[in-house]
Amino acid sequence: PGDLLGKGTPRRARLAHLASRFGYRVGPSPPAWLGWTLALVPGRREHLDWSVLELRAEWRGPLLDVGCGSGAIVRLMRDLGWDAEGIDLDPRAVAVAHAAGLRARVGTLDSVALPERHYAAVVANHVIEHVEDPAAFLRQCLRVTRPGGRLALTTPNAASLGSRTFGARWRGLEPPRHFQVFTAAAL
């Protein structure tokens, strides 16, 4: 997994933005104006906001990344002070996460014994569209989320500009990998 924050000045700019927007303070705080430089690159601030799934620093605690792959989000959130771990179906991806020193397990929410009501945040980045029973998936996510915890999901938007523009050729459809593609209203 790569370091989503990068190195050098770009890293300091990203940390400055995350500090001002979500309260993350990692090491010496870079000046706030450095985070504003991200506005020079269209979409950069929004991309960074989504990289932390808009989770605020004050919510930190145990975090589970469902469908963690090789662990990029686990690493980022761990570096930002979360007690982060992941779960994924792909044993090769989990092996990559382990090699990077990250905590990850092979399996699903149904197949791995996870503590109930434990996680301050459960994240699933582009996962729900891959499951056969989205309602059951959400129930499992909520089962392991503590009261007052956060559930953060991302998924392709079937009502997006891309979907409307490209129709049946829209990348978000991805048959047969995507069982269901949602609109905000459907979620």
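Details of the structure are given in the entry above.
Cut-off values and rules
Residues numbered from 1 in each chain as written. Predicted model: local features only at pLDDT ≥ 70, side-chain atom pairs only at ≥ 80, totals over all residues. Heavy atoms only, no water. Helix = DSSP H or I, 4+ residues; strand = E, 2+ residues; numbered from the N terminus. Rg over C-alpha atoms; globule rule 2.2 N^0.38 Å. Buried < 20%, exposed > 50% of the residue type's maximum accessible area, 1.4 Å probe, protein only. Contact = heavy atoms within 4.5 Å. Salt bridge = Lys/Arg side-chain N within 4 Å of Asp/Glu carboxyl O. Polar contact = N/O pair within 3.5 Å; in protein donor to acceptor, adjacent residues only side chain to side chain. Pairing = 2+ DSSP bridges. Right-handed = clockwise from strand over helix to strand, strands pointing away. Axes fitted to C-alpha atoms, helices over the stretch in contact; angles between N-to-C directions. Phe/Tyr/Trp six-rings, centres within 6.5 Å; stacked < 30°, edge-to-face > 60°. Lys NZ or Arg CZ within 6 Å of the ring centre and 35° of its normal.

Visitor: Even after reading the chapter, I still don't get the overall build of the protein chain, so can you show me in this structure?
Guide: Counting secondary structure elements, the protein chain contains seven helices and five strands. Put simply, the protein chain runs from its N terminus to its C terminus through helices and strands in the order α-α-α-β-α-β-α-β-β-α-β-α. Against the 2.2 N^0.38 benchmark of 16 Å for 187 residues, the protein chain shows a C-alpha radius of gyration of 17 Å, consistent with a compact globule. Principal-axis analysis of the C-alpha atoms places the extent of the protein chain at approximately 45 × 45 × 35 Å. Expressed as a percentage of the 187 residues in the protein chain, the buried residues total 42%. Long-range pairs, those at least 24 residues apart, make up 58% of the contacts in the protein chain with a sequence separation of at least 6.

Visitor: What is the right way to read the pattern of salt bridges from this model?
Guide: Counting across every chain of the model gives eleven salt bridges. R75 serves as the salt-bridge partner of D79, at 3.9 Å between the closest nitrogen and oxygen. Here R75 and D79 lie together in helix 4 (residues 72-79), a separation of four residues that amounts to about one turn. Given a relative accessible area of 25%, D79 falls into the partly exposed group. The residue E174 makes a salt bridge to R171 at a minimum N-O spacing of 3.2 Å. Judged by relative accessible area, which is 17%, E174 ranks as buried. On the basis of relative accessibility, which here comes to 65%, the residue R171 falls in the exposed class. One network of salt bridges, in which partners are shared, links D83, E85, R103 and R105.

Visitor: What should I look at first to understand the side chain of H17 in this one?
Guide: Topologically, H17 is positioned in helix 1 (residues 8-22). Judged by relative accessible area, which is 7%, H17 ranks as buried. A distance of 2.7 Å separates polar atoms of two side chains, one belonging to H17 and the other to D49. Once you skip the residues sitting within four places of it in the chain, H17 turns out to touch F22, G35, L38, R45, L48 and D49.

Visitor: What's the story with the pairing of strand 5 (residues 145-154) in this structure? I'm lost.
Guide: On any regular strand, side chains alternate: one points to one face of the sheet, the next to the other face. Strand direction decides the pairing type here: strand 4 (residues 119-125) and strand 5, joined by six bridges, are parallel. Within the sheet, the bridge partner assigned to A124 lies in strand 5 and is L153. Between the parallel pair strand 4 and strand 5, the chain is carried across by helix 6 (residues 134-144), and the sense of this crossover is right-handed.

Visitor: I keep staring at the sheet that holds strand 5 and nothing clicks. Help me out?
Guide: Backbone hydrogen bonds are what pair the strands of a sheet, in a parallel or an antiparallel way. A sheet is described by the order of its strands in space; here five strands give the open sequence 3-2-1-4-5, paired in parallel fashion. Each edge of the sheet is formed by a strand with only one pairing partner; in this case those strands are strand 3 (104-106) and strand 5. Sheet twist, expressed as the mean angle between neighbouring strand axes with direction ignored, is 20°. Relative to the sheet, helix 5 (residues 91-99) contacts strand 2 (83-88) and strand 3, its axis offset from that of strand 3 by approximately 160°.

Visitor: Help me understand the packing of aromatic side chains in this model?
Guide: Any pair of aromatic rings gets described here by the distance separating the centres and the angle formed by the planes. As enumerated under the stated definition, the model contains zero aromatic pairs in all. One Lys or Arg, R150, reaches over the ring of W59 and ends 3.7 Å from the middle of that ring.

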